[in-house]
Amino acid sequence: MLSLVNRPLQNTNLIRSLYSSSITVIRCYTQNIENNEEVIKSSQEKGGFAKAFEKFNMPEQIEKLKEPDLPFATLFKNSKFVELGDPVNKVVVGKIFHIVDDDLYIDFGWKFHCVCTRPIKNPSAYVRGARVKLRIKDLEISSRFLGSAKDLTLMEADCQLLGVLSSPATPRTKQ
């Protein structure tokens, strides 16, 4: 550019063309900015990442839950656990997860699993992964054992085995 300035008579046309082209570029750029202002304004709505970023950068501005603080007794009374009612004599579905000799360890979704003996009728259907029906007698076997001063638990439930629902050992028939 300095060489162009040092020779003003020879390069005046070139300088004028560069100057005029730069002005047209600036004019086009400003026109595009004016035309795209509406596009920019519409694209300024925050996306999911921007909303999450703001949420975790400003935790004090997040509104607290609008539920009032209820006492434990009220929460417990309205809980799903209490809605189940008394589980004694209810029929549930369990899954055999372990077998030792003729003892079937069955998980039925409560605090402890139950241990039932393998029935004499159709014993080959009671394998690991079989789904069985159970009747609940007690959810936790606990009592005062011989010579103990306090109650002990066996960490298992007391259930009656009613039958097999499905078993990986029996083939399914196609209908």
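Engineer: Pulling in residues and values, what's your account of a nonpolar patch on the surface?
Structural biologist: Taken together, the side chains of Phe72, Phe76, Phe81, Val82 and Leu84 define a hydrophobic patch exposed on the protein surface, amounting to about 530 Å² of accessible area. Residue assignment for the nonpolar patch shows that the elements contributing at least two residues are α4 (72-77) and α5 (80-83). Here valine 82 is to be found in helix α5. The exposure class of valine 82 is partly exposed, given its relative accessible area of 35%.

Engineer: Summarise the sheet that holds strand β7 (residues 158-166); cite the residues concerned and give the values.
Structural biologist: Read from one edge to the other, the open sheet built from five strands follows the order β3-β2-β1-β4-β7, with strand pairing classed as antiparallel. Strand pairing shows two members of the sheet lacking a second neighbour, β3 (114-117) and β7, which therefore form its edges. On average, each strand axis in the sheet is tilted by 45° relative to the strand beside it, whichever way the strands run. Here strand β1 (residues 91-100) runs beside strand β4 (residues 131-138); their pairing, made up of five bridges, is antiparallel. Of the residues in β4, the one forming a bridge with lysine 95 is arginine 131.

Engineer: I'd like a description of the pattern of salt bridges, backed by residues and values.
Structural biologist: Taken as a whole and judged by the stated rule, the model has one salt bridge. We note a salt bridge from arginine 118 to aspartate 102, for which the minimum N-O separation is 3.5 Å. With arginine 118 in the loop between β3 and β4 and aspartate 102 in the loop between β1 and β2 (103-107), the pair connects residues that are 16 residues apart, well separated along the chain. For arginine 118, a relative accessible area of 21% translates into the label partly exposed.

Engineer: Lay out the packing of aromatic side chains in plain terms, naming residues and giving numbers.
Structural biologist: Both the distance between ring centres and the angle between the ring planes are used here to describe each pair of aromatic rings. Tallying each qualifying case throughout the model produces three aromatic pairs. Between phenylalanine 72 and phenylalanine 76 the ring centres are 5.9 Å apart and the planes differ by 20°, which places this aromatic pair in the stacked class. In this pair, phenylalanine 72 and phenylalanine 76 are both assigned in helix α4, four residues apart and thus about one turn of the helix distant. Owing to a relative accessible area of 65%, phenylalanine 72 belongs among the exposed residues under this scheme.

What counts, and at which threshold
Residues numbered from 1 in each chain as written. Predicted model: local features only at pLDDT ≥ 70, side-chain atom pairs only at ≥ 80, totals over all residues. Heavy atoms only, no water. Patch = residues over 30% accessible without salt bridge, like charges linked within 9 Å, V, L, I, M, F, W, Y side chains within 5 Å. Areas by Shrake-Rupley, 256 points an atom, 1.4 Å probe, with all protein chains shown as cover. Salt bridge = Lys/Arg side-chain N within 4 Å of Asp/Glu carboxyl O. Helix = DSSP H or I, 4+ residues; strand = E, 2+ residues; numbered from the N terminus. Buried < 20%, exposed > 50% of the residue type's maximum accessible area, 1.4 Å probe, protein only. Pairing = 2+ DSSP bridges. Axes fitted to C-alpha atoms, helices over the stretch in contact; angles between N-to-C directions. Phe/Tyr/Trp six-rings, centres within 6.5 Å; stacked < 30°, edge-to-face > 60°.

Keep in mind that these numbers describe shape and distance, not what the molecule does.
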